[in-house]
Amino acid sequence: MVKLSFCIPTYNRVEHLKKLVQEILSCDDPDIEVVVTDNCSTDNTLAYLATIDDKRLHVYSNKINQGSLLNTFNVLGKATGKYIYFSTDKDFINSSNIITFKIFLLENDNISCGYCEYFPKSNATNQIFKKGFEAVSNMGYLGSHPSGYFFNKEMLESTNYLLRFSNKDLVGEFASDFIFAELALMGNVAVFNKELTIPQTNNDAAKDKSLSINGNSSDAFFAPASRLKMAINHTKHINQLQLSVDEKKKLMLKVFISGLFSSTFGYKAVLKDIAICEHYHIKPRNVGIFENIVTAWNFYEKYYDGAELIETKNRLNKFIFGFDLAKIIFSKITNKLVRLFMRFINGK
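Throughout this description, residue numbers start from 1 for each chain and increase along the sequence as written. pLDDT decides what is reported in this predicted model: residues at 70 or higher carry local features, side-chain atom pairs at 80 or more are listed and counted, and totals for whole chains, interfaces and linings draw on all residues regardless. Side-chain metrics in this entry use all non-hydrogen atoms of the structure; hydrogen atoms and water are not considered.

Asks: Give me unusual backbone geometry: which residues, what numbers.
Replies: Working note: non-glycine residues mostly have negative phi, and peptide bonds are mostly trans. Here the phi dihedral of Asn-12 falls at roughly 55°; this positive angle occurs in a residue that is not glycine. The secondary structure listing takes helices from DSSP runs of H or I that are at least 4 residues long and strands from runs of E that are at least 2 residues long, numbered from the N terminus. For Asn-12, the location among the structural elements is in the loop between strand 1 (4-10) and helix 1 (14-25). Relative accessibility thresholds used throughout: buried, under 20% of the residue-type maximum; exposed, over 50%; partly exposed, between the two (1.4 Å probe, protein chains only). Here Asn-12 falls in the partly exposed class, since its relative accessible area comes to 24%. Notably, His-281 is not glycine yet its phi reads approximately 65°, a positive angle. With respect to the helices and strands, the residue His-281 is situated in the loop between helix 13 (274-279) and helix 14 (289-307).

Asks: An account of the packing of aromatic side chains is requested, with residue identities and associated values reported.
Replies: Here a ring pair, both rings aromatic, is described through the centre-centre distance and the interplanar angle of the planes. What counts as a ring pair is set by centres within 6.5 Å for rings of Phe, Tyr and Trp (its six-membered ring), and what kind of pair is set by the plane angle: stacked under 30 degrees, edge-to-face over 60, tilted for all other angles. Scanning the model with the defined rule gives 21 aromatic pairs in all. Centroid distance Phe-73 to Tyr-161: 5.0 Å. Interplanar angle 70°. Geometry classified as edge-to-face. Here Phe-73 is found in helix 3 (residues 67-78), whereas its partner Tyr-161 is found in helix 7 (residues 161-164), with 88 residues between them in sequence. Just as Phe-73 is buried, Tyr-161 falls in that class too. Both rings, one in Phe-221 and one in Phe-222, keep their centres 5.2 Å apart while their planes meet at 85°; by these two values the pair is edge-to-face. Taking the relative accessible area as the measure of exposure, Phe-221 reaches 18% and is therefore buried.

Asks: Can you lay out the side chain of Ser-137 for me, pointing to particular residues and giving the numbers?
Replies: Summarising the element assignment, Ser-137 is placed in helix 5 (residues 133-139). Whether two residues are in contact is decided by their heavy atoms, any of which lying within 4.5 Å being enough. Beyond its immediate stretch of four places on either side in the chain, Ser-137 contacts Leu-251 and Lys-254.

Asks: Outline the sheet that holds strand 2 (residues 32-38), supporting the account with residue identities and numerical values.
Replies: Two strands qualify as a pair provided that DSSP identifies no fewer than 2 bridges between them. Spatial strand order, 3-2-1-4-8-6-9-7: 8 strands in an open sheet with mixed pairing. Every other strand in the sheet has two partners, leaving strand 3 (57-61) and strand 7 (127-129) as the edge strands with one partner each. Averaged over all pairs of adjacent strands, the angle between their axes in this sheet comes to 20°, without regard to strand direction. Bridging between strand 6 (residues 111-116) and strand 8 (residues 149-152) involves 3 bridges; their strand directions are antiparallel. If you follow Tyr-115 over to strand 8, its bridge partner there is Tyr-149. The axes are straight lines fitted to the C-alpha atoms, using for helices just the contacting stretch, and the angles between their N-to-C directions are given from 0 to 180°. Packing against the sheet, helix 9 (residues 175-183) makes contact with strand 6 and strand 8, and its axis sits at approximately 45° to strand 8.

Asks: Please provide a residue-by-residue account of the packing of helix 9 against helix 11 (residues 224-238), values included.
Replies: At their nearest, the axes of helix 9 and helix 11 sit 11 Å apart, and the two run at 25° to each other. Regarding the angle of helix 9 to helix 11, the classification is roughly parallel. Of the two possible hands of crossing, helix 9 and helix 11 adopt the one that is right-handed. Contacts between helix 9 and helix 11 pair Asp-177, Phe-178, Ala-181 and Glu-182 from the former with Asn-233, His-234 and His-237 from the latter. Any angle that is under 35 degrees is reported as roughly parallel, and any over 145 degrees as roughly antiparallel; angles of 65 to 115 degrees are reported as roughly perpendicular and all others as oblique. Rotating anticlockwise by less than a right angle from the far helix to the near helix defines a left-handed crossing, while the corresponding clockwise rotation defines a right-handed one.

Right, here's the structure in full:
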């Protein structure tokens, strides 16, 4: 059976960590390991972990607080399994599906990376996307919460991620966005559609404040300025991938649209959610239509200026870019209206 490493960076969340580690170790598979790197916690995290008598648990303590990004890379580097499963210390795992997950990996040994669906439908099947443009398009630059991400250890190390993606000014909170895009060119990518990863609920998040993100800062990952910066950085990274010019431009459009919606409607949704605001130390407020329009226009103008920094042969013609963008948005709106109309007709 393939060896699987569950990697958990932690800092001052011993109560959540207890439940997570105990749940994973309740699976009696000898070919799993739990790797924890403690980032100088001031609670009794290390004292608790020392009480666990299980050879599959490996605990490492940083001499200084390295910050969330480097501690994440630190725990990945300690793994010894063929595959790595990543979880934050505040989320949970359904251990009854660990063996099912391992069998899935064993049966699809060309997987470079993937993620576990948080709320899979009972009849949902696992998905495989072929390496290359299809895989990058479905797995790169997701900007998602990282719990449930998994990687092929050997392929991950070949990206030299510690040296290339440890600059937070480049990767923000989502280093995996860049890593996934590169891994998608090395092997197939997958979506595991069984309940394995169980994210923390919003209500629990409200009680458990973020220890690394202050929502009042323009650097907060959900802030418009941060979304714009990430879209530009993603675009620069796309230009480095071994893909055709046409494929790169398709990815750039996708990155732009994702960033645009995240900085407007996504930002509005965050600031309306009281629990999320509590988690990120901010006061909820309403983001009005005018503010969203200004943000959208600013995003478009500054994104294009930033994207122009890529090599001349791949530069985006502003008119063509705007036209292609309008076509995609029009298509999405049209498809949604058609679906609503068909639901109305069927309902009649």
